[in-house]
Amino acid sequence: RGAALLLAGLALAGCGKQAETPAPAPAPAAEAPAAPAPAPAKALVVGTDAAYAPFESQDATGQIVGFDIDVVTAVAKSQGVEVKFVNTPWEGIFNTLAQGDRDLLVSAITITDERKQTMDFSDAYFDAHQLIAVGEKSKVTKFDDLKKLKVGVQTGTTGDEVVTKMLGKDSTNIKRFESTPLALKELEAGGVDAVVADNGVIVNYVANNAGSKFKTVNDPSFAPEQYGLAVRKGNAELLAKLNKGLAAIKADGTYDKIYAQYFGAKDAAPAAAA
Ligand code: LYS
């Protein structure tokens, strides 16, 4: 009798085991394709390093805002395309474009011959130049005065380039930061004597951080720079659209409106024409 119970138990256990491994449920039949209405065009993915106010930054709610964002949004609207902005760290931003993770980049990117080797640029949409930020009591009056000082820059920027040229490639006095605000924070903390970065972002920082006690120093040796939208090398179709859009928003006053919102009214000179 004991053996019979044992057998019964084994049989049950066997059943249980079987029940534990049911055959996989058949996958639900694929939905029949929807009516052949044209699918809405996929939004262009726009990479931007949102740590560069007033060009691109995150507001209190985490939304990406700024001059660059408004310009690209207006360009896209004029061309009837959707855009989606994705916060993308500066270091590696060009790779995200090359690899196809982003369709275009807007990030206060200076058009340079070196970058043109690996990407294509739209017509210029903004004029810029380097600017020096120093403590308000600093004796620095020109770029040359930085030669023996500790200088903060954002890695891989045109600011990094000019400072590297001035101080020498192997200078241990160059402190490289992931973002320009971090470099400026370090200037505030006294860890560097100066920061060299784009004029717009330095002027904005000084204006919004009264406690920073900085002054700015310009130098005639700083070359004029121009920002462009970057697309993958050879993406002529998108490039043409962007240039058409830029021309349209410049022609209809949209660009000037956006510009005035961030930088005040432009002077009468038709300098906006790229
Ligand atoms: N315009 C400079 C450059 O292209 C600085 C860009 C930094 C953007 N976060 O190198």
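The rules behind each value
- Residues numbered from 1 in each chain as written.
- Predicted model: local features only at pLDDT ≥ 70, side-chain atom pairs only at ≥ 80, totals over all residues.
- Heavy atoms only, no water.
- Near = heavy atom within 4 Å.
- Polar contact = N/O pair within 3.5 Å; in protein donor to acceptor, adjacent residues only side chain to side chain.
- Areas by Shrake-Rupley, 256 points an atom, 1.4 Å probe, with all protein chains shown as cover.
- Nonpolar A, V, L, I, M, F, W, Y, C, P; charged D, E, K, R; others polar.
- Axes fitted to C-alpha atoms, helices over the stretch in contact; angles between N-to-C directions.
- Helix = DSSP H or I, 4+ residues; strand = E, 2+ residues; numbered from the N terminus.
- Parallel < 35°, antiparallel > 145°, perpendicular 65-115°, else oblique.
- Contact = heavy atoms within 4.5 Å.
- Phe/Tyr/Trp six-rings, centres within 6.5 Å; stacked < 30°, edge-to-face > 60°.
- Buried < 20%, exposed > 50% of the residue type's maximum accessible area, 1.4 Å probe, protein only.
- Lys NZ or Arg CZ within 6 Å of the ring centre and 35° of its normal.
- Salt bridge = Lys/Arg side-chain N within 4 Å of Asp/Glu carboxyl O.
- Pairing = 2+ DSSP bridges.

Our next topic: the site of the ligand. Around the ligand, 13 residues are found, and the nearest of them are Ala-108, Thr-110, Arg-115, Thr-158 and Asp-198. Here a nitrogen atom of the ligand and a backbone polar atom of Ala-108 are 2.7 Å apart. Taking 310 Å² as the accessible area of the ligand by itself, protein coverage stands at 100%. Of the residues that constitute the shell around the ligand, the class distribution is 5 nonpolar, 5 polar and 3 charged.

In contact at an axis separation of 8 Å, helix α2 (residues 67-78) and helix α8 (residues 236-251) are set at 105 degrees when each is read in the N-to-C sense. Between α2 and α8, the angle is such that the two are roughly perpendicular. Residues Val-71, Ala-74, Val-75 and Ser-78 of α2 lie in contact with α8, whose contacting residues are Leu-242, Gly-245, Leu-246, Ala-248 and Ile-249.

A few words now on the packing of aromatic side chains. Under the counting rule described, the total for this entry stands at 21 aromatic pairs. Judged by centre distance (5.5 Å) and plane angle (65 degrees), the rings of Trp-90 and Phe-94 are edge-to-face. Look at Phe-94 and you get partly exposed, because its relative accessible area is 22%. Feature note: the residues Tyr-52, Phe-55, Phe-67, Tyr-125, Phe-126, Tyr-227, Tyr-255, Tyr-259, Tyr-262 and Phe-263 constitute an aromatic cluster, connected by ring pairs. Over the aromatic face of Tyr-255 sits the side chain of Lys-250, whose NZ or CZ is 5.6 Å from the ring centroid.

Summarising the element assignment, Asp-113 is placed in helix α4 (residues 113-116). Take Asp-113: its relative accessible area is 59%, and that puts it in the exposed class. Linking Asp-113 and Glu-225, residues 112 residues apart in sequence, is a C-alpha distance of 12 Å.

One pass over the full model with this rule turns up 7 salt bridges. Residue Asp-103 pairs with Arg-232 through a salt bridge whose shortest N-O separation is 3.8 Å. Taken together, the positions of Asp-103 in the loop between α3 (93-98) and β6 (104-105) and Arg-232 in strand β15 (residues 230-232) put the pair 129 residues apart, joining distant regions of the chain. Residue Asp-103 is classed as buried on the basis of its relative accessible area, which comes to 19%. Where Asp-120 meets Lys-233, a salt bridge forms, and the shortest distance between an N and an O atom there is 2.8 Å. Placement of Asp-120 in strand β7 (residues 119-121) and of Lys-233 in the loop between β15 and α8 is noted, with a sequence separation of 113 residues between them. On the basis of relative accessibility, which here comes to 18%, the residue Asp-120 falls in the buried class.

In a beta sheet, neighbouring strands pair by backbone hydrogen bonds and run either parallel or antiparallel. The strand order across the open sheet built from 5 strands is β11-β10-β12-β9-β13, with neighbouring strands paired in mixed fashion. Looking along the sheet, the strands with just one partner apiece sit at the ends: β11 (174-177) and β13 (214-217). Taking each pair of neighbouring strands and ignoring which way they run, the sheet shows an average axis angle of 30 degrees. Pairing of strand β10 (residues 151-154) with β11, which is carried by 4 bridges, proceeds in the parallel orientation. Bridge pairing links Val-153 to Arg-176 in β11. Here helix α6 (residues 180-189) sits on the sheet and contacts β9 (130-135), β10, β11, β12 (194-198) and β13; the angle it forms with β12, its principal contact strand, is near 155 degrees. Here helix α7 (residues 199-208) sits on the sheet and contacts β9, β12 and β13; the angle it forms with β12, its principal contact strand, is near 120 degrees.

This is a description of form; function is not addressed.
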